[in-house]
Amino acid sequence: MTEKLMKAIYSDPAQTITLTAWADTVAVDPRDNLLIAVRLGGYPEVTAGLVNAVSGGGTLSVQLDGETLVCTPQQGRYSKEVSRDGTYAVAALLWDNQSARKQGEKQQTEEMEGKEQKEKTDKAQEARVYYLACPVRDKTALYHEIDKVSTIPMLPEFRDYMINELQARDMLAPCRVYTTGEPFAIWRLTCTPDDQNIADVLTDGLKAGVIRIPSTWPCQPDAFTEINGVAGYLRAFGSVIASRIRGQFQPLYDPAQEPLSEGVLGLDQFVAQTAGYHLYGAQLAAAEALRRRLQTARFGLLIAECGSGKSKVGSLALQAYFLQKHRKCLHIVLCPSHMTGKWVRELEEAIPNARAAIVRTPADMDALYAGYARGGRTVFAVLSRESARDGYMRRPAARWDARRQGFTCPDCGSVIQMEFMDCGKRTLTDATPEYFRTETRANRKCEGCGAVLWTATTAEEQSEWVRISHLGYVHRRFAYLARDACKTAAAKKQLAALLREPDRFMAARGACRRFPLSTYIKNRYRGKIDGLIADELHQFSADSGQGDAMGELFAAAKKCIGMTATLINGYASGIFYLLYRMCACRMEQDGQSYAAPAQFAREYGVTEDTYEVTEGGYNSNRRTAKRKKRSRQKPGVSPLVYSRFLLENGVFLSLMDMGKDLPEYEEIPVPLRLPENQQRACDDLEHAFHEIFKDRSREGRKLARKLLSVSLNLMMAYPDQPYGHKPVVHPVTADPILVPEDSGAPEEQTEKDRRTLEIIRRKVNAGERVLLYVNWVRLDSRTRLKRFLTDAGVRAEIMEDTVPPRGREEWVANHLRQGMQVMIVNPNLVETGLDLNDFTTLIFYDMAFKLFTFRQASRRSWRINQTAPRVEVYILYYRHTMQERAVRLMASKLAVAGVIEGGVLTDEGLAAMSESEDMTSALARELAEGIRHEDAVEDIAASFRKMAVLHPAQERQVQEAECGQQSVPVSVRKETKIRPVPPAEQLSLWELAG
């Protein structure tokens, strides 16, 4: 400690610069006088210049009682803070442990000179150094700081031993601190990679018996003897964990301790009068929690299981909050287009003295607002996510100048240029027609005058640019250059017509003059929108036009509620843009940049980096080069995403929270066997692809990547249609690589067809309706199945994708009135929003790769308003094929989803969570490794049975069937009750939280 200010000087003789300020605090490392921290003041210009010079690596001299202390800083290792008060300024530099770590990691990836230099650099950079500040002689505070930067778990009981031993091994040492204020201490902590040296200190102490884990002293029973797996650990120590959680996290609303507000109870009473039923206690509790969240924040999230009544809960919460204002309100509901009609009905049932209307155009919004301004009722404007972002179509505005032989800017007339790579160097050249195929950041504006090079177009406009479907814009003069780029039959047909008649009129389909509805509402009604409900929030998570529309409406509303059943798609980047649209301030405080989603994915997700290392030759001066080839994101989300961004904003609700006698629900996998000739043909295909993927040469790997999608799709589809497949061709030469064998015929019924017809006949005879999901629409499975069902006397209909989303609910209702017994549909068309309670049996004829589509589609009829006693989901697949592997992987991913959303915690689910691999990659890996059939005999049925909701009587039948290898009867008692599951059998994360 010093009694007077210290003179701090920076001098650069070469530039004849000397800067002087006065410091009240200086901290240095005594090993090499490394500057750790300094706080100084003086005139603003001098102080700012001195701090910038020192943080850039300039030497700082400090005069202490007649002595001069020369402090050596390290460039880029400090956090800087400057404040100004009148005539003077105060600045502080503090060693940033985080930036020091990043700088060290960056240095490790740089190129290194020779093998000896590489080994020397690696040894020098093995250790990481942290500087920890704490009060003088406060061991508890010092130990806490060590625990914060270390990844090794350390108990408070280890404090004295760890600090003494770290000092004895020269891993922890004090630094010199000079200050005129309150004295404090700074310690240097040295850590090896993965904190292995600290782990060694801890291990040595445990082995020597100097320290012990509590409750493991001699003569005490071992608490871990009977524990196998994480689930067993939580069962044993669940009460301790629960008490810790309750002590650290205070819920915003505790339904067991606090009453519901009058607003929520009054709205529930109105629902009972209009709809004839009360909301369940869990729904009311969720609405109350959301209402309280809106009192203290701008938005709240409702993460609720499919069929749990999200629309009722969200609308009640929003209206209950605004009831406190005692006035009418203007709200917006943003939802998928096929749910707009349902939302209008739900709002009229839930909100008294309210009007709901579907808004498709700015004129509709103006008319609705005019009625709202004149009347005294609350108004809901229901927008579909598609119409919210629909705007005008744009075409290139650049013109071809025949005299100058180039495309020119319509404003300044200069020839437009583009960048291209020439021998590794960026070179400018005149823009080609392909440069304007689609609008990009590079071709959007003129480099000369800044004018926009794209303009609005209409279907009636004749332009020198023509839009080709699935390709982009083509210039009439250079249409022949686009021949090789056309991949689809429709694009080739349009291009051929243009080549025959270059001056013919070709309308741009879908082009019309309109302004984006979301932008119009944001510009005109900002400050007038009271609330926003964004339904199916996960569909707005991408960097897309619809996501931007949600962001604009979010910015225009005073309070917002986001609702979804599947908030995260398994990747960290899947929630990045959503978080930025909802809580940009929190993201910026966390150091995240909107322009750098990859940084967020790297920090909160799993990223696979691939490097290429070229070693120098023996006894040569050629340098060793380490070059990053590519970076790929993999599935996996850090729990920190939940704790930092979602936990305080989210209300979680599941069907099991309702306390209702829900119908039984079971997903039943049905394994089938291929005929011998088809199995042999399928094995031949797999072997052929395996031989291609075995080639690990550069060309072989490139070919495997390009054939990945083709191989997986063919291996999944071939067992269902063993005929009519096109040859697999080389992506470059177009030469046939393999030709799938026709081992079946369209008129023949496959084993899967027969089993499907058998299930449907049994269900139809029992008076049920069946929902038949077919993913592969490019096959003839749907038409064949409808023909077979019609021949069997079953009334079946196919819902095509040509049915507009807003008309799908009406389409189903009309065909049900006409006697439809089986609906054949792609699950993507009905995965969200639709209540299909009339169909109590669901059959997945085939399986796709999207987990969320399967989860959403399989729950279309298992809902709280389902009156049937049982809902069954059949999953058909062929043994010893890629279909079996896909179903097995789907079962493991479903277990992960249950853990994340607070469901049953199992060791299988936790193990699957650690697998950072998506289904497509996992299937491709298995195909490349050539999995033998005997290695893939996992009991898929048992995996799905663990996730079933069974009543006691049915559960006994299942157990008997397992023992006796008998089929389970489908019929069950009408009166059913859910068996309360003992804590010893399953444990929920949310139950742990109390």
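To continue, consider the overall build of the chain. Within the chain, the regular secondary structure consists of 32 helices and 36 strands. Out of the 994 residues in the chain, the part that is buried amounts to 46%. Contacts in the chain between residues at least 24 apart in sequence constitute 70% of all its contacts with a sequence separation of at least 6. Here the chain has roughly 49,900 Å² of accessible surface; of this, 50% comes from carbon and sulfur atoms.

Moving on: helix H4 (residues 139-149). Among the residues of H4, those classed as buried are Leu142, Tyr143, Glu145, Ile146 and Val149. Take H4 and look down its axis: the buried residues cluster within an arc of 160°, on one side only. For H4, the N-terminal capping position is held by Asp138, with its side-chain oxygen 3.3 Å away from the main-chain nitrogen of Thr140.

What follows covers the nonpolar core. Grouped together as the largest cluster of nonpolar side chains are 116 residues, with contacts concentrated most on Trp343, Ile760, Leu772, Met799, Val822, Met823 and Ile824. Discounting residues that sit within four places of it in the chain, Val822 has contacts with Ile760, Val770, Leu772, Leu789, Val794, Arg795, Ala796 and Glu797. Ile303, Tyr372, Leu537 and Ile568 belong to the second largest nonpolar core, which has 47 residues in total.

On to the packing of aromatic side chains. Inspection of every chain in the model, using the stated rule, returns 28 aromatic pairs. Taking 5.1 Å as the distance between ring centres and 65° as the angle between the ring planes, the aromatic pair formed by Trp400 and Phe407 counts as edge-to-face. Overall, the relative accessible area of 1% leaves Phe407 in the buried class. Aromatic side chains Trp454 and Tyr473 sit 6.0 Å apart centroid to centroid with 70° between the ring planes, which places their arrangement in the edge-to-face category.

Before going further, it helps to examine the pattern of salt bridges. If charged atoms from side chains of opposite charge come close, those side chains can pair. Following the criterion strictly, the structure yields 41 salt bridges and no others. In the salt-bridge network here, residues are joined through shared partners; they are Glu664, Glu666, Lys763, Glu768, Arg870 and Glu872.

Let's shift gears to the sheet that holds strand S25 (residues 557-564). Read across the sheet, seven strands follow the order S14-S15-S13-S24-S25-S12-S28 without closing on themselves; strand pairing throughout is parallel. In the strand order of this sheet, the two ends are held by strand S14 (354-358) and strand S28 (650-653), each with one partner. Averaged over all adjacent pairs, the angle separating strand axes in this sheet is 20°, with direction ignored. The pairing of strand S12 (residues 299-304) with S25 spans five bridges and is parallel. For Leu301, the partnering residue across the bridge sits in S25 and is Gly562. Those strands touched by helix H12 (residues 362-374) are strand S13 (330-335), S14, strand S15 (378-384) and strand S24 (529-534), and its axis lies near 170° from that of S15.

The α-helix advances 3.6 residues per turn, and as a result positions three or four apart in sequence lie on the same side. Among the residues of helix H19 (residues 597-604), those classed as buried are Phe600, Ala601 and Tyr604. The buried residues of H19 occupy one face: seen down the axis, they fall within an arc of 100°.

On the surface, a nonpolar cluster with roughly 220 Å² of combined accessible area is contributed by Leu155, Leu206 and Ile213. Among the secondary structure elements, Ile213 is positioned in the loop between helix H6 (196-208) and helix H7 (230-248).

Let us look at the pairing of strand S5 (residues 67-71). Pairing of strand S4 (residues 60-64) with S5 involves five bridges; the strand directions are antiparallel. Bridge pairing in S5 links Val62 to Leu69. The turn linking S4 back onto S5 is made up of two residues, and Asp65 within it adopts a positive phi angle of 50°.

Where strands meet in a sheet, backbone hydrogen bonds hold them as pairs that are either parallel or antiparallel. The six strands are arranged S29-S36-S35-S32-S34-S33 in an open sheet whose pairing can be described as parallel. Strands with a single pairing partner mark the edges of an open sheet, and in this sheet they are strand S29 (664-672) and strand S33 (796-799). Mean inter-strand twist for the sheet, computed between neighbouring axes without regard to direction, equals 20°. Both strand S32 (residues 769-773) and strand S35 (residues 839-844) contribute to a ladder of five bridges, which runs parallel. Along S35, the bridge assignment pairs Arg769 with Phe839. Helix-sheet contacts for helix H24 (residues 781-791) involve S32, S33 and strand S34 (822-825), and the interaxial angle to S33 is about 165°.

With respect to the helices, strands and loops of the structure, Lys310 is situated in helix H10 (residues 310-323). Lys310 sits in the buried class, given a relative accessible area of 11%. In this structure, the C-alpha to C-alpha distance between Lys310 and Ala287, residues 23 residues apart in sequence, is 9.5 Å. Lys310 has contacts with Leu302, Ala304, Glu305, Asp535, Met563, Thr564 and Ala565, leaving out every residue within four places of it along the chain.

It is worth spelling out the packing of helix H9 (residues 281-296) against H10 at this point. Contact geometry of H9 with H10 gives a least axis separation of 8 Å together with a crossing angle of 45°. Judged by the angle between their axes, H9 and H10 are oblique. Crossing handedness for the pair H9 and H10: right-handed. Taken together, the residues of H10 that come into contact with H9 (itself represented by Gln283, Leu284, Ala286, Ala287, Leu290, Arg291, Leu294 and Gln295) are Val313, Leu316, Ala317, Leu318, Ala320 and Tyr321. Looking at the contact of H9 with H10 residue by residue, the class counts come to 11 nonpolar, two polar and one charged.

So, on to the environment of Leu260. Within the secondary structure, Leu260 sits in the loop between H7 and helix H8 (262-275). Looking at Leu260, the relative accessible area reads 23%, which means it is partly exposed. Spatially, the C-alpha atom of Leu260 lies 6.5 Å from that of Glu288, the residues being 28 residues apart in sequence.

For the rest of this paragraph, the subject is the packing of helix H23 (residues 751-765) against H24. The N-to-C vectors of H23 and H24 enclose an angle of 50°; their axes lie 11 Å apart at closest approach. Here H23 is positioned oblique relative to H24, judged by the angle of their axes. The interaxial crossing formed by H23 with H24 has right-handed handedness. Contacts from Asp753, Leu757 and Ile760 of H23 reach H24 at Arg784, Leu785, Phe788 and Leu789. Each residue belonging to the contact of H23 with H24 can be placed in one class, and the counts come to five nonpolar, no polar and two charged.

On to the pairing of S35, then. Along a regular strand, successive side chains alternate from one face of the sheet to the other. Here S35 lies mainly inside the structure; six of its six residues are buried. Of the strand pairs in this sheet, S35 and strand S36 (residues 870-878) are connected by four bridges, and their pairing is parallel. Note that in S36 the partner of Ile843 across the bridge is Tyr874.

This part is about the side chain of Asp530. Counting through the fold element by element, Asp530 comes out in strand S24. In this structure Asp530 comes out as buried when scored by relative accessible area, which is 2%.

The subject of this paragraph is the environment of Phe844. Mapped onto the elements of the fold, Phe844 is located in strand S35. Its relative accessible area of 2% is what places Phe844 among the buried residues. Sequence-wise, Phe844 and Asn826 are 18 residues apart; in three dimensions their C-alpha atoms are separated by 9.7 Å. Excluding residues within four positions of it along the chain, Phe844 makes contact with Tyr773, Phe854, Ala857, Ser858, Val873, Tyr874, Ile875 and Leu876.

Turning next to unusual backbone geometry. The phi angle at Asp194 is positive, at roughly 60°, despite the residue not being glycine. What makes Asp194 exposed here is its relative accessible area of 65%.

Take the confidence of the model for the chain next. Looking at the chain, the pLDDT average stands at 80 and 79% of residues meet or exceed 70. In this model residues 953-994 is a low-confidence stretch, pLDDT under 50, and it forms 66 contacts with partners more than four residues away in sequence or in other chains.

Calculation criteria
Residues numbered from 1 in each chain as written. Predicted model: local features only at pLDDT ≥ 70, side-chain atom pairs only at ≥ 80, totals over all residues. Heavy atoms only, no water. Helix = DSSP H or I, 4+ residues; strand = E, 2+ residues; numbered from the N terminus. Buried < 20%, exposed > 50% of the residue type's maximum accessible area, 1.4 Å probe, protein only. Contact = heavy atoms within 4.5 Å. Areas by Shrake-Rupley, 256 points an atom, 1.4 Å probe, with all protein chains shown as cover. Arc of directions from axis to C-beta. Polar contact = N/O pair within 3.5 Å; in protein donor to acceptor, adjacent residues only side chain to side chain. Core = buried A, V, L, I, M, F, W, Y, C linked by side-chain atoms within 4.5 Å. Phe/Tyr/Trp six-rings, centres within 6.5 Å; stacked < 30°, edge-to-face > 60°. Salt bridge = Lys/Arg side-chain N within 4 Å of Asp/Glu carboxyl O. Pairing = 2+ DSSP bridges. Axes fitted to C-alpha atoms, helices over the stretch in contact; angles between N-to-C directions. Patch = residues over 30% accessible without salt bridge, like charges linked within 9 Å, V, L, I, M, F, W, Y side chains within 5 Å. Parallel < 35°, antiparallel > 145°, perpendicular 65-115°, else oblique. Left-handed = near helix turned anticlockwise from the far one by under 90°. Nonpolar A, V, L, I, M, F, W, Y, C, P; charged D, E, K, R; others polar. pLDDT = per-residue confidence, 0-100.

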